[in-house]
Amino acid sequence: MTPTTVRVLRLLSLLQDRAHTGRELAERLGVTDRTLRNDIQRLRELGYPVHAERGAVGGYRLGRGSTMPPLLLDDDEAVAVAVAIGLAEDGSTGIADITDHVGRALAKLEQILPKRLQRKVIALRNATAIGPATTGSREPDAPVPAAVLTTLAGAVRDGATVHIETDSGTADSTVREVEPYRLINWQRRWYLVAYGLDTHSWCAIPVARVLRATTGSRRFAARALPDQDLVAFVMRDVASTGWKVHARVTVMAPAEVVIARINPAVGVVEPVDDGSCILLTGADALETIAIYLSMLMMDFRVDGPPELVGHLRTLARRYTEAVADAP
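> Tell me about the sheet that holds strand β12 (residues 300-304), and please be specific about residues and values.
Taken in spatial order, the four strands line up as β10-β11-β9-β12 in an open sheet, and their pairing is antiparallel. At either margin of the open sheet sits one strand with a lone partner, and together these are β10 (267-273) and β12. For this sheet, the mean angle separating the axes of adjacent strands, direction not counted, is 25°. On the sheet, helix α11 (residues 306-322) packs against β9 (245-251) and β12 and is oriented at approximately 140° with respect to β12.

Here it is in structure tokens:
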């Protein structure tokens, strides 16, 4: 590219970040005020609506135009957009006729990504499975640093152990070495399916709790997976250990009937005999568990916790009083 083209692209990058004064832009680019004005005009001719504002706090900023001009992304932004588009393509967006548009946008972006960035995007996409969007949660989003995700995805791709430092919920963090197998994206959250070398057991690690991830020097041979469906493995783990509130309920129905009735994320079912089973379930609040149980439309007995028993007794009283005088 010619020096002028390089300079204009640099100017575009600066304007996409925030508003700048003319003096600041000229100094950043190492040009005169006249050259800066010429470069601003070149951007306008290319379709970029660069607005100029006068006054002490005035300057140049990139505004909205009537057409969509090309975007200029840095490395991290390009990877983030490619991954987000890929997840939208793989998951359920709930928007009609969007799949073709998403696919075309992803193809355009992947066509121009440098190989070093393509490796990051491909590793993260190949290492990720998407959970179903059939259950809801009132839990807030759990954002995950992109650097942590790309490190974990690269370790999954290379079959390398990874050292992860996790937030233990106390003043101290925990560092452990694991063999990473799969990233699961479900309900705006990320989980890492891994084999813990400290506990010699499989686990679903919430990536939002990972403070740092460092790829180890050791390679590992793949183990037999705990479940051929690792999404189901994560959902069962979340159902039994990953919620704020957990409950144990005896349902007076065969296990296969209850399993067919619930979403795997709602609970884990263990058969007792031909006519009953144990449901281990969880949610972000007692009220949500009560809703789950009422939707079963089956007889059940709450074995714990006591707080859930008290909540259901309160609901039973309210329901009874609500229909006491009904014809």
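> Explain the pattern of salt bridges to me, and be specific about the residues and the numbers.
By the definition in use, this model includes 10 salt bridges. A salt bridge links E179 to R223; the nearest nitrogen and oxygen atoms lie 2.8 Å apart. Of this pair, E179 sits in strand β5 (residues 173-186) while R223 sits in the loop between β8 (210-219) and α8 (230-241), and the two are 44 residues apart along the sequence. The exposure class assigned to E179 is buried, which follows from its relative accessible area of 5%. As a salt-bridge pair, R317 and E321 come within 3.5 Å of each other at their nearest N and O atoms. Linking R317 with E321, this pair stays in helix α11, spanning four residues, or about one helical turn. By sharing partners, the salt bridges in this structure join R7, D39 and R42 into a single network.

> Run through the packing of aromatic side chains, naming residues and quoting values.
Inspection of every chain in the model, using the stated rule, returns three aromatic pairs. Ring plane angle 75° and centroid distance 5.5 Å describe the contact between Y195 and W202, whose orientation is recorded as edge-to-face. Through a chain of ring-to-ring contacts, three or more aromatic side chains come together here, namely Y181, Y195, W202 and F220. Over the ring of Y195 we find R223; its NZ or CZ atom is 3.9 Å from the centre of that ring.

> Tell me what's going on with helix α1 (residues 3-17), and back it up with residues and numbers.
Helix length check: α1 (15 residues) gives 22 Å between terminal C-alpha atoms against 21 Å at 1.5 Å per residue, within 8%. Where α1 is buried, its residues touch α2 (22-29), α3 (33-45), β1 (50-53) and β2 (59-62).

> Can you lay out helix α6 (residues 115-126) for me, pointing to particular residues and giving the numbers?
One turn of an α-helix holds 3.6 residues; hence residues three or four places apart share an orientation. Under the 1.5 Å per step criterion, the end-to-end length of α6 is 16 Å for 12 residues, consistent within 8% with the ideal 16 Å. All buried positions along α6 are accounted for by L117, V121, A123 and L124. All buried residues of α6 fall inside an arc of 165° around its axis, so they share one side. Opposite its buried face, α6 presents the exposed residues K115 and N126, each directed more than 90 degrees away.

> Would you mind going over the packing of helix α10 (residues 286-296) against α11 in detail, with residue names and values included?
Two elements in contact, α10 and α11, have axes whose closest approach is 10 Å; the angle formed by their N-to-C orientations is 65°. Here α10 lies roughly perpendicular to α11, going by the angle between them. In this structure, the crossing between α10 and α11 has a hand that is right-handed. Of the residues in α11, those touching α10 at L286, E287, I289, A290 and L293 are E307, L308, H311, L312 and L315. Classifying every residue of the contact of α10 with α11 gives seven nonpolar, one polar and two charged.

Basis of the calculations
- Residues numbered from 1 in each chain as written.
- Predicted model: local features only at pLDDT ≥ 70, side-chain atom pairs only at ≥ 80, totals over all residues.
- Heavy atoms only, no water.
- Pairing = 2+ DSSP bridges.
- Helix = DSSP H or I, 4+ residues; strand = E, 2+ residues; numbered from the N terminus.
- Axes fitted to C-alpha atoms, helices over the stretch in contact; angles between N-to-C directions.
- Contact = heavy atoms within 4.5 Å.
- Salt bridge = Lys/Arg side-chain N within 4 Å of Asp/Glu carboxyl O.
- Buried < 20%, exposed > 50% of the residue type's maximum accessible area, 1.4 Å probe, protein only.
- Phe/Tyr/Trp six-rings, centres within 6.5 Å; stacked < 30°, edge-to-face > 60°.
- Lys NZ or Arg CZ within 6 Å of the ring centre and 35° of its normal.
- Expected span 1.5 Å × (residues − 1).
- Arc of directions from axis to C-beta.
- Parallel < 35°, antiparallel > 145°, perpendicular 65-115°, else oblique.
- Left-handed = near helix turned anticlockwise from the far one by under 90°.
- Nonpolar A, V, L, I, M, F, W, Y, C, P; charged D, E, K, R; others polar.

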